[in-house]
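# Per-entry structural report
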Protein chains: 2
Amino acid sequence: MPGQPELTFWFEFASTYSYPAAARIEGLAAAAGVRLHWRPFLLGPLFAQAGLTDSPFNAYPVKGAYMWRDLARICTALDLPLQRPGSFPRNGLHAARIATAAFEAGTAWAPDFVRAVYRANFAEDREIAEPAVLAALLDGLGQPSDRWLAAAERPEIKASLRAATEEAAARGLFGAPSFTTGAVAETELFWGNDRLEPALAWARARALEPTVSPAARSATDPG
Amino acid sequence: MPGQPELTFWFEFASTYSYPAAARIEGLAAAAGVRLHWRPFLLGPLFAQAGLTDSPFNAYPVKGAYMWRDLARICTALDLPLQRPGSFPRNGLHAARIATAAFEAGTAWAPDFVRAVYRANFAEDREIAEPAVLAALLDGLGQPSDRWLAAAERPEIKASLRAATEEAAARGLFGAPSFTTGAVAETELFWGNDRLEPALAWARARALEPTVSPAARSATDPG
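Worth saying up front: this structure is predicted, and the values here are computed from it rather than measured. (Residues numbered from 1 in each chain as written. Chains lettered and ligands numbered in written order. Predicted model: local features only at pLDDT ≥ 70, side-chain atom pairs only at ≥ 80, totals over all residues. Heavy atoms only, no water.)

## Focus: helix α6 (residues 110-122) of chain A
All names here are of chain A. For α6, built from 13 residues, the straight-helix expectation of 18 Å at 1.5 Å per residue is met to within 8% by its first-to-last C-alpha distance of 19 Å. Counting buried residues in α6 gives 11 out of 13 residues, a clear majority hidden from the surface. Considering only its buried residues, α6 is in contact with β1 (6-11), α1 (18-32), β2 (35-40), α4 (61-78), α5 (93-104) and α7 (131-140). (Helix = DSSP H or I, 4+ residues; strand = E, 2+ residues; numbered from the N terminus. Expected span 1.5 Å × (residues − 1). Buried < 20%, exposed > 50% of the residue type's maximum accessible area, 1.4 Å probe, protein only. Contact = heavy atoms within 4.5 Å.)

What follows is the structure, given as C-alpha cells:
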C-alpha cells in the first residue's frame, strides 16, 4: 500500500541558497502532500573531507560574485529581503544545535526559528554565531531562550548533530540545501534550491508507485 | 524603442549540463521570441586561471557521482539519450573550432552540429576529440567534412575562438552552459541548464522595458 510521500530537507545555516529553500519548502511540501523532515547539519566537516578550507564562493571569487547576483535575483522574485552579510560564511554551529534540539523536541516553532536564523544572517547582517543573537531570535518567537541555549549544549544534542552530519556524508551530500528520499543505502539525492520542486515530485512519484522489488525498481530508474 | 530580446548561449563541448541546454534552447528561445547567439568557448583556460587542472566533477568524486545521477534524471525527463562517456572530460577544441567556423559562416546547420557533437559525447560515447568522429558528424548533416575540418584550422577561426574564451572570462563566466545579456560591461550572467528559463525571461523583460538611464536602471535592479 503506498504511504505518504516524505522528503528530508538538509540545511546548513551558512549556506546562502538554503535561505530561499527554507523560505519556500513548507508551503510547497504542503501543497504537494509531502511530509517534511528538517535536518540541520554542518557543511564544514564535509568540505574538510574534500580538502576545502573555505567556502568555494570565497575560494573562487568569480563564482562567488555570480552567486551573490544570482541569489539577489532569486530573492527579488520571491520578495525575500537580502543583504550581503559583512562576514561570510558565518559559523552556524550553535544555531544548528538549537534547531536540532527544537526539532527533536517536536516543537511547532522550529521551522520559524530556522527561517529567523537565515533572515538574521542574510537579510539583517547579524552575527548568528553569537548566543546573544540566537537568544534574541528565540525571544522573538516567544520561546524561553535560556532554556533552549542550555538544551542545545546537552551532550545528546551535540551527538545528534554530529550523527546528522555523518548521515549526510553517507548519503553523498556535498552541499546545501539538499533533499533526500529513501533509506541511506537507497538515497535519491537532490542538491540546490532549484532542485526543490523535482525532489518533491520524485518523493510523490515514489510514494504513489506500486511496491516493486529493488531489482525491478533499479531497472526502471533513470540512468 | 524596445528591440527584439537577445540572449547569448555560451557552451563547451566537454560540459555535461550543456548537453540538455543545447537540446532545449532553440525551442524555448523561439517560443519566447528571443534571438539566440550561439558562442562556443573553452572552459579549460578559465579553469586553469582558477587553479583547476581537471573537471571539478573529477576532482570531487562525491560531486561527480551526484552530477551523473542528476543529469540522468534530467535527460530521462527530456527523453534525451544518455550514456556515461568512457572518458571525461573529452577535449572539445576541434569541435569548438568547427562550430565557430559554421556559426561565423551563418550556416543553418550549425545548431544541428552542436547537438550532434553533444549526442556523440554523452549518448554514444564517441571520442569527439578525433577529427574522424567530427567528420562523420558533418557527413551525417550532409556537409562537406573536408572543407569544414580545414576551415576550422584557419588562423582567424582559432583567433575567434580564443577571443570568445577571453570575452567569456571578461563577462565573469566560470562554467557552462552560461547565458548572458547586454554589453560586456553590463553583463547579466546566468549559469546552468536550470537557469535557461530565467535567462530567457530576463532577456524579454529587458528588451520590452522602456529605455532608462543606466543610473535609473541600476537603482531598479534586483540586489
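Here the narrative resumes.
## Considering the interface of chain B and chain A
Opposite the 26 residues of chain B that make contact, chain A presents 26 residues. Interface area, chain B with chain A, both sides summed: about 2300 Å², of which 55% is carbon and sulfur. As a salt-bridge pair, D194 of chain A and R195 of chain B come within 2.7 Å of each other at their nearest N and O atoms. Along the contact surface separating chain B from chain A lie 12 residue pairs in polar contact (both at pLDDT 80 or more). When residues of the side of chain B that touches chain A are traced back to their parent elements, those giving at least two are α4 (61-78) and β4 (188-191) of chain B. (Buried area = accessible area lost by both parts, 1.4 Å probe. Salt bridge = Lys/Arg side-chain N within 4 Å of Asp/Glu carboxyl O. Polar contact = N/O pair within 3.5 Å; in protein donor to acceptor, adjacent residues only side chain to side chain.)

## Let's talk about the sheet that holds strand β1 (residues 6-11) of chain B
Residues and elements named next belong to chain B. In spatial order, the strands read β2-β1-β3-β4; together these 4 strands make up an open sheet with mixed pairing. The sheet is open, and its two borders are formed by β2 (35-40) and β4, each paired with just one other strand. For this sheet the average axis-to-axis angle between neighbouring strands, irrespective of direction, equals 25°. By the bridge criterion, 3 bridges tie β1 to strand β3 (residues 178-181) in an arrangement that is antiparallel. Within β3, the residue paired with F9 across the bridge is F179. (Pairing = 2+ DSSP bridges. Axes fitted to C-alpha atoms, helices over the stretch in contact; angles between N-to-C directions.)

## Some remarks on the side chain of R115 of chain A
Residue position: R115 of chain A is located in helix α6. Leaving out residues up to four positions away in the same chain, R115 of chain A has contacts with A22, A23, E26 and W38 of chain A.

## Here we look at the confidence of the model for chain A
Residue and element names in this part refer to chain A. When pLDDT is averaged across chain A, the result is 93; 93% of the residues are at 70 or more. Below a pLDDT of 50 lies the segment residues 212-223, which in the model reaches 14 contacts outside its immediate sequence neighbourhood of four places, other chains included. Under the prediction, the complex receives an ipTM of 0.90, its pTM being 0.92. (pLDDT = per-residue confidence, 0-100.)

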